[in-house]
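Chain by chain, the residues run as shown.
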Amino acid sequence: MQNRAAIIGAGVSGLTCGVVFAERQWKVSIFADETGQQTTSAAAAAVWFPYDAEPAEKIIPWALTTHERLRNLSRDQQTGVSMIEIRQFTRTGEIPIADWARKLGAHSISEVGAIDRLPLRPGVARDRSRDTNVRPAFTSGYALTVPLTDTTIYLDYLTDRFCKAGGMIQSTHINKVEEIPSHFDVIINCAGFGARKLVHDPDLEPHRGQVVIVSRLDLTHAIVCDDGPLMYAIPRARDCVFGGTNSISSSREPSQSDSDAIVSECSQVLGIKPPRLTAVKVGLRPYRKSGVRLEPGKLPDGRTIIHNYGHGGAGFTLSWACAEEVYALAS
């Protein structure tokens, strides 16, 4: 008899689990009240990087496995995955390069202080009005080539791949795990921050992230600085993602002051006039103080539930490895 799995949540974790199970002949249904561009995953910059997730001894191996899977997907333009050089900076002192980053080819960047040296392709105008009062942007940095996932394409790609493998998506809100129909042998909890209420997990914190989508800038590299204020500029094929915020808040309402600060900081760092704003997105990174929860359990009726949530800002970065771990636990 065919195995049946129910997945709660249609973000990148839920969809990736769905693909892994459905393509291995499981009968799979995803239950979610938000899908596609309504999910927290859709608000992510989605550049590969193990950010805002614990513990490192598990996160790094999972991240490296997913790096390889996404790198393979980047060979197909229809996936929305590409490879990009990310330049990670600090505003003070020297930025350390982790061993895992060195193994992926990370190398230090020299002469990072001047805004005018940051990479913009010819044709993108600098804002010369800022030159009389330019502060050094960064003090040190390193470069690393990583997968970049365009969420406007990739989430649809995963959805299509899941459905072609026979999976089904049901738009519904699950208040209790026990609401999942009894004919599903395995339940996979990919509810993200929703797991705080769904399975009463007080360890989950909502790390609010707001990004601003601006018109295409033709940046040659992604630029990231984790120092306060958090700043990143991630070029995509049709637009550019400016970010961002990382505060403990459950509000998903866009903040005009946050948008203004994001655009101002990114424009200042890049040395350009503020570009045209096309959208503002807010998502809640499901940070779990005790670390990513990836473990099996049992419901009162004897069914298996496998938890896969708490990935913080590394949902895309861990997605394939965690999905394979879930499959191993279910099998």
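Just above, that's the structure.
A short tour of the structure in this document, coming up. (Residues numbered from 1 in each chain as written. Predicted model: local features only at pLDDT ≥ 70, side-chain atom pairs only at ≥ 80, totals over all residues. Heavy atoms only, no water.)

What to know about the packing of aromatic side chains
Reasoning step 1: One pass over the full model with this rule turns up 9 aromatic pairs.
Reasoning step 2: An angle of 5 degrees between the planes, with centres 4.4 Å apart, marks the rings of F89 and F138 as stacked. Separated by 49 residues along the polypeptide, F89 in strand 3 (residues 81-90) and F138 in the loop between strand 4 (107-109) and strand 5 (140-149) bring together distant segments of the chain.
Reasoning step 3: F89 gets classed as buried once you look at its relative accessible area, which sits at 3%.
Reasoning step 4: Its relative accessible area of 2% is what places F138 among the buried residues.
Reasoning step 5: An aromatic cluster is defined as three or more aromatic residues linked by ring pairs; in this entry it consists of F21, W26 and Y327.
Reasoning step 6: Positioned above the aromatic ring of Y327 is the side chain of R24, whose terminal nitrogen or guanidinium carbon lies 4.6 Å from the ring centre. (Phe/Tyr/Trp six-rings, centres within 6.5 Å; stacked < 30°, edge-to-face > 60°. Helix = DSSP H or I, 4+ residues; strand = E, 2+ residues; numbered from the N terminus. Buried < 20%, exposed > 50% of the residue type's maximum accessible area, 1.4 Å probe, protein only. Lys NZ or Arg CZ within 6 Å of the ring centre and 35° of its normal.)

Concerning the pairing of strand 14 (residues 293-298)
Reasoning step 1: Here 6 bridges tie strand 14 to strand 15 (residues 304-309), and the two strands are oriented antiparallel to one another. When the bridges of strand 15 are listed, K298 appears paired with T304.
Reasoning step 2: Where strand 14 hands over to strand 15, the hairpin turn is made up of 5 residues, of which G302 adopts a positive phi near 95 degrees. (Pairing = 2+ DSSP bridges.)

Things to note about the pairing of strand 2 (residues 27-32)
Two faces make up the sheet, and in a regular strand the side chains alternate between them.
Reasoning step 1: Most of strand 2 is tucked away, with 5 of its 6 residues classed as buried.
Reasoning step 2: Across 5 bridges, the pairing between strand 1 (residues 4-8) and strand 2 is parallel. In the strand pairing of strand 2, A5 is matched with V28.
Reasoning step 3: In this view, the connection linking strand 1 to its parallel neighbour strand 2 by way of helix 1 (residues 12-22) has right-handed handedness.
Reasoning step 4: Where strand 2 and strand 6 (residues 168-171) come together, 4 bridges link them in parallel fashion. From the neighbouring strand, I30 faces strand 6, where its bridge partner is I169. (Right-handed = clockwise from strand over helix to strand, strands pointing away.)

Here we look at the nonpolar core
Reasoning step 1: Formed by 68 residues in total, the largest nonpolar core has its most connected members in F21, L144, Y154, I188 and I234.
Reasoning step 2: A total of 9 residues in this core trace back to one element, the largest contributor, which is helix 7 (residues 315-330).
Reasoning step 3: With sequence-adjacent residues up to four places away left out, L144 is seen in contact with W48, I84, E85, I86, W100, A101, L104, G105 and A106.
Reasoning step 4: The next biggest cluster of nonpolar side chains, apart from the first, holds 21 residues, and it includes A137, V214, L217 and C225. (Core = buried A, V, L, I, M, F, W, Y, C linked by side-chain atoms within 4.5 Å. Contact = heavy atoms within 4.5 Å.)

Topic: unusual backbone geometry
Reasoning step 1: A cis amide bond links G228 to the next residue, P229, at an omega of -5 degrees.
Reasoning step 2: In this structure, P229 sits in the loop between strand 9 (222-225) and strand 10 (231-235).
Reasoning step 3: G243 connects to G244 through a cis peptide bond whose omega is -5 degrees.
Reasoning step 4: Examined against the element boundaries, G244 turns out to sit in the loop between strand 11 (239-243) and strand 12 (247-248).
Reasoning step 5: Residues other than glycine seldom take positive phi values, yet Q25 does so here, at roughly 75 degrees.
Reasoning step 6: Take Q25: it is sitting in the loop between helix 1 and strand 2.
Reasoning step 7: A positive phi angle, close to 60 degrees, is found at A46, a residue other than glycine.

Keep in mind that these numbers describe shape and distance, not what the molecule does.
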